[in-house]
Structures are given as structure tokens and as C-alpha cells.
Amino acid sequence: MVEFLRCSRKRARKARASMPFTHGKGNNGAVAGRRTNLALLVLLAWALATGGLAFAIGQGWNRWISVAHGVGGLAVVLLAPWKSVVARRGLRRRRPGRAASIALSAVVALALASGVAHATGLLVSAGGITAIQVHVGAALASAPLALWHVAARRIRPRRTDLSRRVLLRSAALAAGSAAAYGAVAGLTAVARLPGRSRRFTGSYQTGSGRPEAMPVTQWLNDSVPDLDQDAWRLSVVGSGRGRLTLAELDQMREPVRAILDCTGGWFAEQVWEGVRLDRLLSGEHVGAPGWRSVVVTSVTGYSRRFPASDLSSLWLATRVGGRPLSPGHGFPARLVAPGRRGFWWVKWVVGVEASSTPWWWQPPFPVT
Ligand SMILES: Nc1nc2c(c(=O)[nH]1)N[C@H]1C(S)=C(S)[C@@H](COP(=O)(O)O)O[C@H]1N2
Ligand SMILES: [Mo]
């Protein structure tokens, strides 16, 4: 990537002569630069949207979102030589905000490099930080910088930006990026890189069937609480059950095999044991008109809201791999939500509450 940004003068001259979004003859560098910038802006929005969606989805069609995300990222790489011409011209003018522009290119380069590192498996984690964490951090940092950049270096779309020729070149760029994606995937397979054996979410298998080898992960800033199992009670609101002890909960348990798939880039399959939420919340109120969702709350304050119709596919687990949960994995009780990404699997649960609020009335991702 850095290589691209620093492409040689000769290549720059060549690139200038074949800017991707020009109208052939009468090649106007400014128009071409503007269209390159416009394309990059669209691609950045695309990358943020598909990346966010890939984090939200735990079902098989996540694969296609991830492919769309990767193809978009590689399109940015393909445009880099042209953008470097535009950028060089801009830098020479020494306008205010240079530093922010350079910072933007740095975080985009970091997001691209860490994305490729994770996808191929060349560098999945180092020093306790995963490539995905770097990827998401850099991507989030790029958003405000890009907004600022667009405001400071305004581009005005014109009607001719949607000409047939521009659309054809966009299609060529899409085809080129798809081919690049195929090449990266093919090389990953041929070179037998770790990236070849990922789940459809892009995650790497870690500690399946061995709960003690499964990473302990927090979404943001929760820390493992120290809970006394005799004092612990589960508050169930909406079924007339009131408060349950751990022993009472344990009696209702059944086994469920499920995959915990963290957006941090790993997954593990375990046999959990827990009580199905529709059993826990059976009673006069639940299922009655007006019940729309169920909120599952941790002692830490972390919580997620689920559609009432999902109760029969959610479990409140007290055991994994035939043993009680460890403190890190949610002792004494944690949610098991097959088909949902890890951030739905609330740990250290103390409350299950039926509610009339629709399930989507919450931030798409937890905020703590
Ligand atoms: N209370 C609470 N529950 C939580 C989280 C958290 O930060 N706080 N993180 C979630 C995330 S992002 C994941 S991937 C799983 C990780 O579960 P584990 O630590 O048992 O592997 O827990 C989920 N449950
Ligand atoms: Mo996670």
C-alpha cells in the first residue's frame, strides 16, 4: 500500500495519462482527479456499510457481505496509483489541513493492510491485539477524517459523472477488484495460508470442544465480575416466576451445541447446557399481545434486546463442556444465541425481562 502511495515519477506520469474516469481525448487531469476522488468516497462508504453489516450478521449470507466488503477494499487499492497522482498535486499546494489528509491516507492504508492480513491469515494477531481490532479501529478513525476531507476539499458531482463511459469504467474497476479478490483467495488457498479455512463470517476456529482454550472476550470495557453463587439470583420479569436461584435454573437445563462467533475474528463450537428462554418465560403474559421483546441484562449493565419470537432459540446456559461456566465465560449464567454474533451472548446474566418495546429499539452494537 505504502508502495502504491509512493509510486515512482515514471509510473505517476503513466498513470496521469490513463486516469480511470476521463473522457478519452481532451484528457483533463482535474476532471479525472475529481472522479477518482468521487469513486474513493463511494468505496469508503461501501466499505463502512458492508463492514458494519458483516459484524451484524451471523447467518450464512454473511459470506456474500464479506466478499462485497473485500472487493470494495481491493478497489481502493487499485485506485491508489491514480489517487497518489491527485494527492501529490494537492500536497504541493500546501493548503491547510495537510496533516489531516495524510492521516486519512495512513488510516486507510492501515485498514487495508490489516484487512488483508486477517483475510489471508498472514498476521491474525500480535501482542494481544488482533488484525480485526486494528482494522475496525482504523476504519472508525477514517470516517471523521474522510468527512472533514470532503468538506475541506469539496467535490461537486456533475451530471456527466454518470455518463456511459464513467459507468463502463466503474464496471471495469468492479471487475478488476473482483479478479483481485479471486487472486488473493486463490493464493491463500494455494499457499495453504491459515485464511483458507475460515468460517463464512471470516472468523478463525479457536478452542472448539475445549472451553478452557476459548478466548475470554469483552465487547469494549467490561471486566470479569466476582460473583457469589449463593447470593446470585436471576430476576425474571414477565412470567410471575420472580427470582430464581442457580440450583432452580440448573434443574431446567438441556444440552445445546452452538457456535460462539466473536466479531474479533474467532469462533468456537461447544456443548452448552442451559434453560431455553421460552421455558423460563412461559406464563400468563408472555405470548400475549403486546409482548414484543425480551431484554437480557448482565450484572455489569451490558444488555441486549431480542425479538419475542426468538425465545425458543435462546438459552440461558449455566454449563459448558460438562462443567460450570468459568468466571471469564459468564459464571454463573450466560446467554447462548446460536446464529447470532458473540456480542449477543450476554455474560453474567442477572435479568431477563419481557417488554413491549420492539427488539430493534437499541443501538445496533453495544455501547459498553
Ligand atoms: N456482560 C458482557 N457480556 C458479553 C460481552 C461483554 O463485554 N459484557 N462481550 C460479548 C462478546 S463481544 C463476546 S464475543 C462474547 C465472548 O464470550 P467469551 O468471553 O465467553 O468467549 O461475550 C459477549 N458477552
Ligand atoms: Mo465479541
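Residues numbered from 1 in each chain as written. Chains lettered and ligands numbered in written order. Predicted model: local features only at pLDDT ≥ 70, side-chain atom pairs only at ≥ 80, totals over all residues. Heavy atoms only, no water.

S.K.: Any chance you could explain the overall build of the protein here in plain terms?
M.R.: When its secondary structure is counted, the protein shows nine helices and 13 strands. By its C-alpha atoms, the protein is 80 × 45 × 35 Å across when sized along the principal axes. Of all intrachain contacts in the protein linking residues separated by at least 6 positions in sequence, the fraction that spans at least 24 positions is 71%. Surface accessibility of the protein: about 19000 Å² in total, with carbon and sulfur atoms responsible for 61%. In the protein, which carries 48 positive and 17 negative side-chain charges, the distance between the mean positions of the two groups comes to 29 Å. (Helix = DSSP H or I, 4+ residues; strand = E, 2+ residues; numbered from the N terminus. Contact = heavy atoms within 4.5 Å. Areas by Shrake-Rupley, 256 points an atom, 1.4 Å probe, with all protein chains shown as cover. Lys, Arg positive; Asp, Glu negative; His and termini not counted. Charge placed at Lys NZ, Arg CZ, Asp CG, Glu CD.)

S.K.: What is the right way to read the site of ligand 1 from this model?
M.R.: Lining the immediate environment of ligand 1, one finds 21 residues, of which P215, W219, D222, H329 and K347 sit closest. Here an oxygen atom of ligand 1 sits 2.6 Å away from a polar atom, N or O, in the side chain of H329. Measuring from an oxygen atom of ligand 1, one finds a side-chain N or O atom of K347 at 2.5 Å. Taken together, the residues that form the shell around ligand 1 break down as 11 nonpolar, seven polar and three charged. (Near = heavy atom within 4 Å. Polar contact = N/O pair within 3.5 Å; in protein donor to acceptor, adjacent residues only side chain to side chain. Nonpolar A, V, L, I, M, F, W, Y, C, P; charged D, E, K, R; others polar.)

S.K.: Any chance you could explain the nonpolar core here in plain terms?
M.R.: Soluble, globular proteins show a tendency: their nonpolar side chains are buried together. Counting residues in hydrophobic clusters, the biggest one holds 40 residues, and the most contacted among them are L234, L249, W272, L280 and L316. Once residues lying within four places of it in the same chain are set aside, the contact partners of W272 are M214, E254, P255, V256, A258, A317, R319, V320, L325, R334, V336 and W345. L43, A75, V77 and L79 belong to the second-largest nonpolar core, a separate cluster that totals 10 residues. (Core = buried A, V, L, I, M, F, W, Y, C linked by side-chain atoms within 4.5 Å. Buried < 20%, exposed > 50% of the residue type's maximum accessible area, 1.4 Å probe, protein only.)

S.K.: Looking at this model, I keep getting lost on helix α7 (residues 164-190). Mind explaining?
M.R.: Every α-helical turn comprises 3.6 residues, leaving residues that sit three or four positions apart pointing alike. For α7, which comprises 27 residues, the first-to-last C-alpha distance of 38 Å matches the rise-based estimate of 39 Å (1.5 Å per residue) to within 8%. Buried residues of α7: V166, L173, S177 and T188, and no others. Directly after α7, the chain includes R192, whose backbone phi takes a positive value near 55°. (Expected span 1.5 Å × (residues − 1).)

S.K.: Teacher, can you tell me more about the packing of aromatic side chains here?
M.R.: Here a ring pair, both rings aromatic, is described through the centre-centre distance and the interplanar angle of the planes. Counted by the stated rule, this structure contains seven aromatic pairs. Measuring from ring centre to ring centre gives 5.2 Å for F306 and W344, while their planes differ by 55°; the resulting arrangement is tilted. Here F306 is found in strand β9 (residues 303-307), whereas its partner W344 is found in the loop between β12 (334-336) and β13 (349-355), with 38 residues between them in sequence. Classification of F306 as buried rests on a relative accessible area of 0%. Of the residues examined, W344 reaches a relative accessible area of 6% and is grouped as buried. We note R199 situated over the ring of F267; from NZ or CZ to the ring centre the distance is 5.8 Å. (Phe/Tyr/Trp six-rings, centres within 6.5 Å; stacked < 30°, edge-to-face > 60°. Lys NZ or Arg CZ within 6 Å of the ring centre and 35° of its normal.)

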